[in-house]
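The lines below spell out each chain.
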Amino acid sequence: MSFTNQIQAVAYCRTPYKQKFGIPRQPGLVSAARGFVELAPPFNQIDAVRGLEQYSHLWLLFCFHENLAQGWKTTVRPPRLGGNEKLGVFATRSTFRPNGIGQSVVKLHGVHTDNGKVRLEISGMDLLDGTPIVDIKPYIPFSDSIEQAVGGIAQEAPVLATVTFCQAAQQQLEQYQRDDNYPRLAELIEGVLAQDPRPAYKKAKADPKLYQVALYDLDILWKMSAGGIEVLELRPSQVGASAKLEKSDD
């Protein structure tokens, strides 16, 4: 038996995450991340989302569009296991999958129409800006939440790192926070960096490297310190220019 089917994007996600490095590994971990799901033609019709506002959360089925060219493998190295042990791809949420499909639960804040475009305002996403959405479904608490479920290697939430700002970075943060284009910027930076987005193999040894995470149109420069993670600078983003970015391999 064989089956093939073509799918197309019904929407695209607009998020603060401009590069793969730094995106939370699961949805809901950074509630300060706000964005939109913008419906694409021919689905860009208010009738297509009629009644959606009665739900507090949504399932988004999406495509790992930047990973498709790299293909997939039968086994992967989950960050939860330090990147040292292998599990089958179907026993993980690896982004390198046979069909490149992922799913995330996001909080719905409203349904808007702007200049003829239908937009769903969301938060808590773990999606790269521009991610194609292939389906949208309401989250149903009585069936989708299973109290006694066993989470295997991911039963517990990740341990968070302490995030601090040096004096110069704190002053830059205060300046950017006056701009409405950067909503909840401090909470977003702290939430993203507290997850410690470094590759798993770097967490077991001294790491003097300077890291960079792109949020909105800003680069957040940071490093590991004795007390956790220290933010050193906020500056206009160089992503897409000549900047060399550290990327996670998981």
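Source: prediction; values computed, not measured.

Right, let's talk about the side chain of Arg198 for a bit. Its place among the elements puts Arg198 in the loop between α3 (185–194) and β10 (211–215). Within polar-contact distance, the side chain of Arg198 engages the side chain of Asp196 at 2.8 Å. A distance of 3.3 Å separates the side chain of Arg198 from the backbone oxygen of Lys202, its partner in a polar contact. Contact partners of Arg198, with chain neighbours within four places excluded, come to Phe21, Arg25, Lys203, Asp207, Tyr211, Trp222 and Met224.

Side chains carrying opposite charge are able to pair once their charged atoms draw close together. All told, the structure shown has eleven salt bridges when counted by the stated rule. The shortest N-O distance in the salt bridge between Glu38 and Arg119 comes to 3.2 Å. Of this pair, Glu38 sits in strand β2 (residues 34–39) while Arg119 sits in strand β7 (residues 117–123), and the two are 81 residues apart along the sequence. For Arg119, a relative accessible area of 18% puts it in the buried group. Salt-bridge contacts for Arg119 lead to Asp114; the nearest nitrogen and oxygen are separated by 3.3 Å. Residue class for Asp114 comes out partly exposed when judged on its relative accessible area of 33%. In this structure, a network of salt bridges that share partners links the residues Arg14, Glu38, Asp114, Lys117 and Arg119.

Further remarks concern the packing of aromatic side chains. Per the stated rule, a full pass over the model turns up seven aromatic pairs. Note on Trp59 and Tyr139: the rings are 5.8 Å apart at their centroids and 40° apart in plane angle, and the pair reads as tilted. Pair noted here: Trp59 is in strand β3 (residues 57–63) and Tyr139 is in the loop between β8 (132–138) and α1 (141–144), with a separation of 80 residues, a long-range link. For the pair Tyr211 and Trp222, a centre-to-centre distance of 4.9 Å together with 20° between the ring planes defines the contact as stacked. Of the two residues, Tyr211 is situated in strand β10 and Trp222 in strand β11 (residues 218–225); the sequence distance between them amounts to eleven residues.

The residue after Pro41, namely Pro42, is reached through a cis peptide bond having omega 0°. Here Pro42 lies in the loop between β2 and β3. One non-glycine residue, Arg184, lies in the positive phi region at around 50°. Along the chain, Arg184 turns up in the loop between α2 (167–176) and α3.

This next bit is on the sheet that holds strand β1 (residues 11–14). The six strands lie next to each other as β1-β2-β7-β6-β3-β8, forming a closed barrel whose pairing is antiparallel. Going from strand to strand, the sheet's axes swing by 45° on average, the running direction of each strand aside. As defined by bridge partners, β1 adjoins β2 across four bridges and the pair is classed as antiparallel. Note on β2: the bridge partner recorded for Arg14 is Phe36.

So, on to the confidence of the model for the protein. Within the protein, residue pLDDT values average 92, and 96% of them lie at 70 or more. Counted against residues more than four places away or in other chains, residues 241–250, with its pLDDT under 50, gives 26 contacts.

Note that Asn44 resides in the loop between β2 and β3. Residue Asn44 is classed as partly exposed on the basis of its relative accessible area of 23%. C-alpha of Asn44 to C-alpha of Val118: the two residues are 74 residues apart in sequence and 5.8 Å apart in space. Contact partners of Asn44, with chain neighbours within four places excluded, come to Leu39, Gly116, Lys117 and Val118. A distance of 3.0 Å separates the side chain of Asn44 from the backbone oxygen of Gly116, its partner in a polar contact.

Quick notes on the rules
Residues numbered from 1 in each chain as written. Predicted model: local features only at pLDDT ≥ 70, side-chain atom pairs only at ≥ 80, totals over all residues. Heavy atoms only, no water. Helix = DSSP H or I, 4+ residues; strand = E, 2+ residues; numbered from the N terminus. Polar contact = N/O pair within 3.5 Å; in protein donor to acceptor, adjacent residues only side chain to side chain. Contact = heavy atoms within 4.5 Å. Salt bridge = Lys/Arg side-chain N within 4 Å of Asp/Glu carboxyl O. Buried < 20%, exposed > 50% of the residue type's maximum accessible area, 1.4 Å probe, protein only. Phe/Tyr/Trp six-rings, centres within 6.5 Å; stacked < 30°, edge-to-face > 60°. Pairing = 2+ DSSP bridges. Axes fitted to C-alpha atoms, helices over the stretch in contact; angles between N-to-C directions. pLDDT = per-residue confidence, 0-100.

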